[in-house]
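Observations on the model geometry
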Amino acid sequence: MAAKKGGVPGRKVVADNRKARFNYEIEDVFEAGIELKGTEVKSLRQGKSNIAESYAAEYQGEMMVYNVYIPEYTQGNRFNHEPRRPRKLLMHRRELNKLFAAVQKEGKTIVPLKIYFNEDGRAKMEIALGRGKKAHDKRQTEKTRDWNREKQRLMKNG
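Residues numbered from 1 in each chain as written. Predicted model: local features only at pLDDT ≥ 70, side-chain atom pairs only at ≥ 80, totals over all residues. Heavy atoms only, no water.

1. Section: the packing of aromatic side chains
In plain terms, the rule: Stacked, edge-to-face and tilted are the three classes for Phe, Tyr and Trp ring pairs, Trp counted by its six-membered ring, which pair at centre distances within 6.5 Å; planes under 30 degrees apart are stacked, over 60 edge-to-face, the rest tilted. Think of it this way: any DSSP run of H or I at least four residues long counts as a helix, any run of E at least two long counts as a strand, and we number them from the N terminus. Buried, partly exposed and exposed residues are distinguished by accessible area as a fraction of the type maximum, computed with a 1.4 Å probe on protein chains only: under 20%, between the cut-offs, and over 50%, respectively. Both a distance and an angle decide whether a charge sits over a ring: NZ of Lys or CZ of Arg must be within 6 Å of the ring centre and within 35 degrees of the ring normal.
Taken as a whole and judged by the stated rule, the model has 1 aromatic pair. Pairing Tyr 55 with Tyr 66 gives two aromatic rings, centres 5.3 Å apart and planes at 25 degrees, and the pair type is stacked. Of this pair, Tyr 55 sits in strand β3 (residues 55-59) while Tyr 66 sits in strand β4 (residues 62-66), and the two are 11 residues apart along the sequence. In this structure Tyr 55 comes out as partly exposed when scored by relative accessible area, which is 44%. Over the ring of Tyr 116 we find Arg 11, and its NZ or CZ is 3.9 Å from the ring centre. The ring of Phe 117 carries Arg 45 above its face, with NZ or CZ at 4.2 Å from the centroid.

So this is what it looks like as structure tokens:
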């Protein structure tokens, strides 16, 4: 799979969470390594992973990412990996403490943004601190739209 256009040179993006930028207001972005086992690297290199519904959280003092879909490697053996197993993120303790404090004190969310291979060929995940956007009320916009249609119809016929 070729690198996506407009990205950082030397970076091969494997999975992109486009929904995250729509649902969250992104503030700080961090880079973390992913602890992969067995055939997960080969499967990632094929570019068939999905992080659209994934999330990151603290588990026993470590950062874990859940619900990342990395499919089984088809040429692998019967001891293949589980597609949605929790995976540990590798970060410096200082960065982890900063993330955990922001989640606890400010109520922010840790959002996975991308999985990519860097220039050295190592799998990395881009995560961010995000604040949830307020969903707009569609009912008011629908009322306004319907009223404008009715007003146009009345002025046209009247």
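2. Side note on the environment of Ala 52
Here is the rule: Only heavy atoms enter the contact rule, under which two residues are in contact if any of them lie within 4.5 Å.
With respect to the secondary-structure elements, Ala 52 resides in the loop between α2 (40-45) and β3. Taking the relative accessible area as the measure of exposure, Ala 52 reaches 30% and is therefore partly exposed. Spatially, the C-alpha atom of Ala 52 lies 43 Å from that of Arg 153, the residues being 101 residues apart in sequence. Filtering out sequence-adjacent residues up to four positions away, Ala 52 remains in contact with Asn 17 and Lys 19.

3. Details of the pairing of β3
Filter applied, for reference: Here, any two strands with at least 2 DSSP bridges between them count as paired.
As paired strands, β3 and β4 are joined by 5 bridges and run antiparallel to one another. From the neighbouring strand, Tyr 55 faces β4, where its bridge partner is Tyr 66. Counting the residues between successive antiparallel strands, the hairpin from β3 to β4 contains 2 residues, one of them, Gln 60, with a positive phi of roughly 55 degrees.

4. A few points about the sheet that holds β3
To be explicit about the condition: For helices, the fitted line uses only the C-alpha atoms of the stretch in contact; every axis is such a line through C-alpha atoms, and the angle between N-to-C directions lies from 0 to 180 degrees.
Spatial ordering of the open sheet is given by β1-β6-β7-β2-β5-β4-β3, a layout of 7 strands whose pairing is antiparallel. Because the sheet does not close on itself, it has two edges, and the strands there are β1 (12-16) and β3. Along the sheet, successive strands turn relative to each other by an average axial angle of 45 degrees, direction set aside. Looking at chain direction, β4 and strand β5 (residues 87-90) are connected through 3 bridges and run antiparallel. Paired with Met 63 across the strands is Leu 89, a residue of β5.

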